[in-house]
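# Coordinate inspection notes
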Amino acid sequence: MSELKAAISAVGAYVPEFVLTNQMLESMVETNDEWITSRTGIKQRHILKEEGKGTSFLAIKAAEDLLNKSGLDPKEIDMVIVATATPDLPVAATAAYVASEIGATNAFAYDLQAACSSFLYGMSTAAAYIESGRYTKVLLIGADKMSSIIDYTDRTTCIIFGDGAGAVLFEPNTEGLGLQDEYLRSDGHGREFLNIEAGGSILPTTAQTVQEGRHFVHQDGKTVFKFAVSNMADVAEKIMVRNNLTRDDVQWLVPHQANKRIIDATANRVNLDAEKVMINIHKYGNTTSATLPLLLNDYEKQLKKGDNLIFAAFGGGFTWGSIYLKWAYNS
Ligand code: UT7
């Protein structure tokens, strides 16, 4: 029997019904389908339109999908982590509400925020609780209602982001499957290049900050792109080298979906062919914390027990990293 590892044992997901296509965006801002497709790889994104529904709505749906598929009794869940950059409320954990609504009445719950790396960091956190032996069922949900913080008159951001949620269950594994290694990094000086300026403790919301649109996401796309390309590729390569993995040993690259060109650069650096690279950016755009679990859900049927997966993400903060995980089940 090998040491205790933390494995993903179930997956679920949800995206809202409304689809915002590139063609629709053409009538909202000065852009076109050809530009968006060639510069980002995005064709459409899903948007939660209904008033009064926030990120918890998406997270609950994804968790319920996981519960239905796996048959898990929610009362068995020890903790719920919601990775998100768009909590329901600035104060009061979205995860606590989600846990109560799905019937995880024996769990404690909190949110984890690291922009587009939220879910990746959440995997590390969830796995650490399992590996310590302290808990046996940790539900990690990545959920974001990005449309709530996007300015739909700003063509540099509104074409990129979409809404969605994905959930995974981490459980102990003694067959050597699950999270093998991680390489996580951050550089806080990057926050000037991708942020929401107002609404936090430095610059609380005022009528003026709203008037100036400072409650929306702003990014210096070119700079973020440059850092994302080099850092995501670096960490993916590093974790493969550190674990003596060649391109033939890796079945799947699971990259954050911010821009198809960033994904391609990462895949090229680690020398992986396109068929080993999970892609759903064309359908969902960048769903921030939901991206990685949405990929797992989309590709779940193709995953086999023992497959080596390399996760890589880069996001605001800056935050980034890579995780090496052995898949634990056939579906
Ligand atoms: O997940 C969080 C991390 N975020 C990211 O990783 C995002 C990283 N950045 C990017 O993906 C890219 O920088 C963008 C997709 C945001 C922009 O692509 P780009 O190739 O870097 O374009 P650019 O900003 O250099 O702009 C090129 C041109 C500019 O026109 P000029 O100055 O050359 O005349 C822009 O004004 O494209 C123009 N442009 C657009 N044109 C049509 C910018 N946005 C648009 C647009 N439609 N939506």
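Residues numbered from 1 in each chain as written. Predicted model: local features only at pLDDT ≥ 70, side-chain atom pairs only at ≥ 80, totals over all residues. Heavy atoms only, no water.

### Brief notes about a nonpolar patch on the surface
Among the surface-exposed residues, F18, M24 and M28 lie close enough to one another that they form a single nonpolar patch of about 240 Å² accessible area. Examined against the element boundaries, M24 turns out to sit in helix 1 (residues 22-26). Exposure remark for M24: the relative accessible area of 32% places this residue in the partly exposed category. (Patch = residues over 30% accessible without salt bridge, like charges linked within 9 Å, V, L, I, M, F, W, Y side chains within 5 Å. Areas by Shrake-Rupley, 256 points an atom, 1.4 Å probe, with all protein chains shown as cover. Salt bridge = Lys/Arg side-chain N within 4 Å of Asp/Glu carboxyl O. Helix = DSSP H or I, 4+ residues; strand = E, 2+ residues; numbered from the N terminus. Buried < 20%, exposed > 50% of the residue type's maximum accessible area, 1.4 Å probe, protein only.)

### As for the site of the ligand
As a structural note, the neighbourhood of the ligand is formed by 21 residues, with T31, R39, K222, N259 and N286 the closest of them. Between the ligand and G221, the relevant distance is 3.1 Å, taken from a nitrogen atom to a main-chain nitrogen or oxygen of the residue. Here an oxygen atom of the ligand and a side-chain polar atom of N286 are 2.8 Å apart. Its free accessible area being 950 Å², the ligand has 75% of it covered by the protein chains. Looking at the shell around the ligand, the elements with two or more residues in it are helix 2 (33-40), helix 7 (221-242) and helix 8 (260-269). If one sorts the elements of the shell around the ligand by residue count, helix 7 sits on top with 4 residues. Among the residues forming the shell around the ligand, the class breakdown is 9 nonpolar, 7 polar and 5 charged. The residues that make up the shell around the ligand include at least three from each of domain 1 (5-177) and domain 2 (179-326). (Near = heavy atom within 4 Å. Polar contact = N/O pair within 3.5 Å; in protein donor to acceptor, adjacent residues only side chain to side chain. Nonpolar A, V, L, I, M, F, W, Y, C, P; charged D, E, K, R; others polar. Domains from an automatic or database assignment.)

### As for helix 8
For helix 8, the full list of buried residues reads I262, I263, T266 and A267. When helix 8 is viewed along its axis, its buried side chains cluster within an angular range of 135° and face the same direction. Of the surrounding secondary structure, the elements contacted by the buried residues of helix 8 are helix 7 and strand 11 (252-255). Backbone nitrogen of R261 and a side-chain oxygen of the N-cap are separated by 2.8 Å at the start of helix 8; the cap is N259. Looking at the residues trailing helix 8, positive phi occurs at N271, about 65°. (Arc of directions from axis to C-beta. Contact = heavy atoms within 4.5 Å.)

### Observations regarding the domain arrangement of the chain
According to the domain assignment, the chain contains domain 1 (5-177) and domain 2 (179-326). Centre-to-centre, using C-alpha coordinates, domain 1 lies 14 Å away from domain 2. The interface is formed by 57 residues belonging to domain 1 together with 46 residues belonging to domain 2. Surface buried jointly by domain 1 and domain 2 totals about 3,900 Å² across both partners, of which 62% is contributed by carbon and sulfur atoms. It is C116, L120 and L177 in domain 1 that bury the most area against domain 2; as a group they hold 17% of the surface buried on that side. Across the contact surface, domain 1 and domain 2 share 2 salt bridges. The partner of E175 in a salt bridge is K305, and the shortest N-O contact between them spans 3.2 Å. Inspection of the region where domain 1 meets domain 2 yields 21 residue pairs in polar contact (both at pLDDT 80 or more). Secondary structure elements with two or more residues in the side of domain 1 that touches domain 2: strand 1 (5-14), helix 2, strand 3 (44-46), helix 3 (55-70), helix 5 (118-131), strand 6 (138-145) and strand 7 (163-173). Considering every element that reaches the side of domain 1 that touches domain 2, the biggest residue donor is helix 5, with 8 residues. A class-by-class count of the residues in the side of domain 1 that touches domain 2 yields 28 nonpolar, 17 polar and 12 charged. (Buried area = accessible area lost by both parts, 1.4 Å probe.)

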